[in-house]
Amino acid sequence: MSITEQQQPLPIAPALAEGGLAALFTAPDGAKAFAVRWQGEVYGYLNQCPHAGGPLDFEGQVLESSGRFLMCARHGAIFEPDTGKCVGGPCRGARLTPVAVHAKADGSVWPGAAG
Ligand code: FES
């Protein structure tokens, strides 16, 4: 899966593999964001770590090696993929900022809530 960076009304990604690279995109307000598929669901967050504000990803990688958590590439904070809550590292207890995304039946991932 390649990294994509697109704006509405195009899809964020034609598909997202479970446990694969995140799709990087620009949120409607211009902020950098990512979408990732985890346990069958697609989640979106601002690509901004609550610790030092930097991007979480390293070349689109946001899941740590076990696939259980999102991990910031800067200082190793780990986050629950479904809630964005930091459960380890320098910003424990803080949360990623969610960005609404949804997947269609064909697997493509789009910005905004399903409608
Ligand atoms: S910037 Fe993410 S853990 Fe420090």
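The present account deals with the structure reproduced in this document. The structure presented is a predicted model; accordingly, all values stated were derived computationally and were not measured.

What counts and how
Residues numbered from 1 in each chain as written. Predicted model: local features only at pLDDT ≥ 70, side-chain atom pairs only at ≥ 80, totals over all residues. Heavy atoms only, no water. Phe/Tyr/Trp six-rings, centres within 6.5 Å; stacked < 30°, edge-to-face > 60°. Lys NZ or Arg CZ within 6 Å of the ring centre and 35° of its normal. Buried < 20%, exposed > 50% of the residue type's maximum accessible area, 1.4 Å probe, protein only. Helix = DSSP H or I, 4+ residues; strand = E, 2+ residues; numbered from the N terminus. Pairing = 2+ DSSP bridges. Lys, Arg positive; Asp, Glu negative; His and termini not counted. Salt bridge = Lys/Arg side-chain N within 4 Å of Asp/Glu carboxyl O. Polar contact = N/O pair within 3.5 Å; in protein donor to acceptor, adjacent residues only side chain to side chain. Contact = heavy atoms within 4.5 Å.

**Some thoughts on the packing of aromatic side chains**
No. 1: A complete count under the given rule lists two aromatic pairs for this structure.
No. 2: Stacked on the ring of Trp110, the Lys or Arg Lys104 has its end atom at 4.1 Å from the ring centre.

**Some details on the pairing of strand β2 (residues 32–38)**
Regular strands place side chains that alternate from one sheet face to the opposite one.
No. 1: With six of seven residues buried, β2 is to be regarded as a mostly interior element.
No. 2: In this sheet, β2 lies alongside strand β1 (residues 23–26) in antiparallel orientation, the contact comprising four bridges. The residue bridging Leu24 from the neighbouring strand is Phe34, located in β2.
No. 3: Hairpin connection from β1 to β2: five residues lie between these consecutive antiparallel strands, with Gly30 at a positive phi of about 95°.
No. 4: When β2 meets strand β3 (residues 41–46), the two strands line up antiparallel, connected through six bridges. Within the sheet, the bridge partner assigned to Phe34 lies in β3 and is Tyr45.

**What about the side chain of Glu64?**
No. 1: Within the secondary structure, Glu64 sits in the loop between β3 and β4 (70–71).
No. 2: Despite its burial, Glu64 pairs with no opposite charge; the closest candidate is Arg68, at 6.3 Å N-O.
No. 3: A polar atom in the side chain of Glu64 sits 2.6 Å from the side chain of Ser66.
No. 4: Setting aside anything within four residues of it in sequence, one finds Glu64 in contact with Phe69 and Met71.

What is shown is where atoms sit, not what they do.
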